[in-house]
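Residues per chain are reported as follows:
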Amino acid sequence: MGRRILNDALRAIVNAERRGKASVELQPISTVMSSFLKIMKDRGYIKNFQVYDPQRVGRITVELQGRVKDCRALTYRQDIKAKDLEAYRLRMLPTHQYGYVVITTPDGVLDHEAAISRNVGGQVLGYFH
C-alpha cells in the first residue's frame, strides 16, 4: 500500500504541472513521500511543501514551480549497489544533464549524486526530471 501512495502522489504532481496549477494537495501521506519531496525541493524542482496533521491521515500541500516533466515511483523497489548507480541513472533518465534517481539507503533517503559520493547503495524509490 505504501508504494501505491507514493506513486499516486507523484502522478498527481505531474498532472498538476501539466495543467499549469500553482499548487497541489496530496492525501494520504507517508514519511517516505515527505523525504522524496524534500529531495525535490533541495534540487529546485518544487518551491515548498507543507505537511498538515501527520499523526492521522494527513495531507501535504506542494507549491509547484513548473520544472517537473515526469516523476515516478517504482513499485518493485529494485536493489542497487553503489557501483551500479551511474549505469542505472543513464538507463532510466532521458538525458545526462538533468534528473535524479531517489534511493532509500541505510543513511536515509538520498538522490543518486549523494549516494555515489557516500558510496552507499540501497533500493530505488523512483526518479524525477
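What you see is a predicted model, and the numbers here were worked out from it, not measured in a lab.

Caption draft 1: Local environment of helix H2 (residues 31-42). The terminal C-alpha atoms of H2, which comprises 12 residues, lie 17 Å apart, in line with the 16 Å expected from a rise of 1.5 Å per residue. Here H2 has its buried residues at Met33, Phe36, Leu37, Ile39 and Met40. Buried residues along H2 cover an arc of 155 degrees about the axis, so they all sit on one side. Summarising the geometry of H2, the exposed residues directed more than 90 degrees from the buried face are Thr31 and Asp42. Downstream of H2 by one or two residues, Gly44 has phi in the positive range, about 85 degrees.

Caption draft 2: How the structure looks around the nonpolar core. Leu26, Met33, Leu37, Met40, Val62 and Phe128 are the most contacted members of the largest nonpolar core, which has 28 residues in total. Elements that contribute at least two residues to this core include exactly helix H1 (2-19), strand S1 (23-26), H2, strand S2 (46-52), strand S3 (59-64), strand S4 (71-73), strand S6 (100-105) and strand S8 (122-128). For this core, the element with the most residues is H1, which contributes 7 residues. Viewed by domain, this core spans two of them, domain 1 (1-64) and domain 2 (71-128), each represented by three or more residues. In contact with Met33, other than residues within four places in its own chain, are Ile5, Leu6, Ala9, Leu26, Pro28 and Ile60. Judged by nonpolar contacts, the second largest core, of 12 residues, contains Leu85, Tyr88, Leu110 and Val120.

Caption draft 3: Here's a closer look at the domain arrangement of the protein. Here the domain parsing of the protein yields domain 1 (1-64) and domain 2 (71-128). Computed from C-alpha atoms alone, the centre-to-centre distance between domain 1 and domain 2 is 19 Å. Listed per partner, the contact involves 13 residues of domain 1 and 17 residues of domain 2. When the two sides are added together, the surface that domain 1 and domain 2 hide from each other amounts to roughly 1,500 Å², 68% of it contributed by carbon and sulfur. In this assembly, domain 1 and domain 2 are joined by 2 salt bridges. One salt bridge connects Arg43 with Asp111, and the closest N-O pair in it is separated by 2.6 Å.

Rules behind the numbers
- Residues numbered from 1 in each chain as written.
- Predicted model: local features only at pLDDT ≥ 70, side-chain atom pairs only at ≥ 80, totals over all residues.
- Heavy atoms only, no water.
- Helix = DSSP H or I, 4+ residues; strand = E, 2+ residues; numbered from the N terminus.
- Expected span 1.5 Å × (residues − 1).
- Buried < 20%, exposed > 50% of the residue type's maximum accessible area, 1.4 Å probe, protein only.
- Arc of directions from axis to C-beta.
- Core = buried A, V, L, I, M, F, W, Y, C linked by side-chain atoms within 4.5 Å.
- Domains from an automatic or database assignment.
- Contact = heavy atoms within 4.5 Å.
- Buried area = accessible area lost by both parts, 1.4 Å probe.
- Salt bridge = Lys/Arg side-chain N within 4 Å of Asp/Glu carboxyl O.

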